[in-house]
Amino acid sequence: LSRYSKLQLRYLGHRVELGSKQNGPDYYSLLNPYLKTNYKENYFSDRLNLFQNKLLLFYKKSIITEGIYVEQETSIKTKKSLFNISLYPGVGLPTFNFGFLSDNRSNGIKNLHYIDVIVSDTVLTDTLDRRIDILSKQLSISMTNRFQLWVNQVLSVNLLFLDQEDLVAKSQTQSTGYFPLDAASESYGISVKSVYNRHWESTIYFNSSRYEYGQKEFDDFQEQVLNNYQLKLINHPHKYFKKLMYSIHYLTGRGTHYRTQYNFNIGIISEPFDRVKLNVFVDYRIKYLDPEMEGDNDLFFRAKLEYDIK
């Protein structure tokens, strides 16, 4: 069974929603086979538009349960809060978006489970740790500005910060060999899109991100820094081809894992005949998984043909 109910109230500029949705463990959708099942969510949200839709405020609080039937398995509950601010000051001014997300995922188990194991007629006591208690906080900031500098330009800046804390690792009772699931990441991205005329445009993109997983005093601690550089050219020809795309992508990864990669991409979007569309994309990748040794290169080819029968 899949069910969904929603109550919506609108007053004084507010749009309040009270909702509940649930997908049973045996529910299957032909239209969406990857739909999450054995899952339910109850939520409350409020959307407020101010200053003639120039300032948008959104808040949502939800409780998500994974594992509907408690008698069959231990359910996991996630308490999630989302707050978002969007600012659209007007034509010629940059737009801003601020989002904050906090969630606590827990299965409610507070103690270790002790089991007896018989080895060569000797009874040994071992522990089974099934506790899950993770607190995550995420902050995202984005800005987009359209301006004229020789040609039409679109500047986009994106910042993302994530902090995940494993509360089980802070408890006084620990199982042997327990590895904390703490994580932290930060990402900075900037892109500039330039539109030269009806036929040509380009995009320059740079992103730098860093993440940590675990705690530094543990052997399995991982730390990685990734840098992405991309140059993309788009051409809009007069006939046959609607769009030609050329791009070069350079990636570096340093830290726990070494990685250097070069991507060369070509894409064609065409309409050779009436109601017939052809899309072709080629991606060639050169990889280095070691500073002095080149890895296996990859070639991806994808083609899609569409025909409108109307």
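Note: the structure precedes this text.
Residues numbered from 1 in each chain as written. Predicted model: local features only at pLDDT ≥ 70, side-chain atom pairs only at ≥ 80, totals over all residues. Heavy atoms only, no water.

(A) Seen up close, the overall build of the chain. What the chain contains, in helices and strands, is 0 helices and 18 strands. Computed over the C-alpha atoms, the radius of gyration of the chain is 26 Å, more than 25% above the 19 Å expected from 2.2 N^0.38 for a compact globule of 310 residues. Each principal axis of the C-alpha atoms in the chain carries an extent, and together these give about 80 × 65 × 45 Å. The contacts of the chain with a sequence gap of at least 6 include a subset with a gap of at least 24, amounting to 45%. Element-wise, carbon and sulfur atoms account for 57% of the exposed surface of the chain, whose accessible area totals about 21,200 Å². Separation between the mean location of the 38 positive side-chain charges and that of the 34 negative ones in the chain comes to 14 Å. (Helix = DSSP H or I, 4+ residues; strand = E, 2+ residues; numbered from the N terminus. Rg over C-alpha atoms; globule rule 2.2 N^0.38 Å. Contact = heavy atoms within 4.5 Å. Areas by Shrake-Rupley, 256 points an atom, 1.4 Å probe, with all protein chains shown as cover. Lys, Arg positive; Asp, Glu negative; His and termini not counted. Charge placed at Lys NZ, Arg CZ, Asp CG, Glu CD.)

(B) How the structure looks around the packing of aromatic side chains. In total, this model carries 8 aromatic pairs according to the counting rule given. Relative to Phe98, the ring of Phe96 lies with its centre 6.4 Å away and its plane at 10°, an arrangement referred to as stacked. Looking at Phe96, the relative accessible area reads 29%, which means it is partly exposed. Put simply, the rings of Phe206, Tyr229, Tyr250, Tyr262 and Tyr288 pair up and form one aromatic cluster. Here Lys60 stacks its cationic end above the ring of Tyr43, 4.8 Å away from the centre of that ring. (Phe/Tyr/Trp six-rings, centres within 6.5 Å; stacked < 30°, edge-to-face > 60°. Buried < 20%, exposed > 50% of the residue type's maximum accessible area, 1.4 Å probe, protein only. Lys NZ or Arg CZ within 6 Å of the ring centre and 35° of its normal.)

(C) Quick peek at the side chain of Ser62. Relative to the elements of secondary structure, Ser62 occurs in strand S4 (residues 55-66). Setting aside chain neighbours within four positions, we find Ser62 in contact with Glu41, Asn42, Tyr43, Thr78, Lys79 and Lys80.

(D) How the structure looks around the pairing of strand S1 (residues 2-11). As paired elements, S1 and strand S2 (residues 14-23) share 10 bridges and run antiparallel to each other. Bridge pairing links Lys6 to Gly19 in S2. From the end of S1 to the start of S2, which pair antiparallel, there are 2 residues, and Leu12 there has a positive phi angle of about 50°. (Pairing = 2+ DSSP bridges.)

(E) Spotlight on unusual backbone geometry. Positive phi outside glycine occurs at Phe51, with the angle close to 55°. With respect to the helices and strands, Phe51 occurs in the loop between strand S3 (39-50) and S4. In this model, Trp150 sits at a positive phi of 70°, which is unusual for a non-glycine residue. Positionally, Trp150 belongs in the loop between strand S9 (133-149) and strand S10 (151-166). For Trp150, a relative accessible area of 79% gives the class exposed.

(F) Summary view of the pattern of salt bridges. The tally for this structure, following the rule as stated, stands at 12 salt bridges. Notably, a salt bridge pairs Glu41 with Lys60, separated by 3.6 Å at the nearest N-O pair. With Glu41 in strand S3 and Lys60 in strand S4, the pair connects residues that are 19 residues apart, well separated along the chain. For Lys242, the salt bridge is made with Glu271, and the minimal N-O distance between the two is 4.0 Å. In this pair, Lys242 is assigned in strand S14 (residues 241-255) and Glu271 in strand S15 (residues 259-273), connecting sequence segments 29 residues apart. Taken together, the shared-partner salt bridges in this structure form one network comprising Lys21, Glu41 and Lys60. (Salt bridge = Lys/Arg side-chain N within 4 Å of Asp/Glu carboxyl O.)

(G) Focus on the pairing of S4. Note: S3 against S4, 12 bridges, orientation antiparallel. Opposite Asn49, over in S4, you have Leu56 as the bridge partner. With 12 bridges joining them, S4 and strand S5 (residues 76-87) adopt antiparallel strand pairing. In the strand pairing of S5, Ile64 is matched with Thr78.

(H) Seen up close, a nonpolar patch on the surface. Together, Tyr196, Trp200, Ile204, Leu231, Leu233, Tyr246, Ile248, Tyr262, Phe264, Ile266, Tyr284 and Leu299 make up an exposed nonpolar region whose accessible area comes to about 1,100 Å². Looking at the nonpolar patch, the elements that each hand over two or more residues are strand S12 (200-213), strand S13 (222-235), S14 and S15. Top contributing element to the nonpolar patch by residue count: S15, with 3 residues. Here Tyr284 shows up in strand S16 (residues 276-290). (Patch = residues over 30% accessible without salt bridge, like charges linked within 9 Å, V, L, I, M, F, W, Y side chains within 5 Å.)

(I) Highlighting the environment of Leu31. By the element assignment, Leu31 lies in the loop between S2 and S3. Remark: the alpha-carbon pair of Leu31 and Leu55, spanning 24 residues in sequence, is separated by 36 Å.

(J) Looking closely at the side chain of Asp166. Of note, Asp166 is situated in strand S10. Buried Asp166, no salt bridge; nearest opposite-charge side chain is Arg131, N-O distance 8.2 Å. One polar contact links the side chain of Asp166 to the main-chain amide nitrogen of Leu181, over a distance of 3.0 Å. (Polar contact = N/O pair within 3.5 Å; in protein donor to acceptor, adjacent residues only side chain to side chain.)

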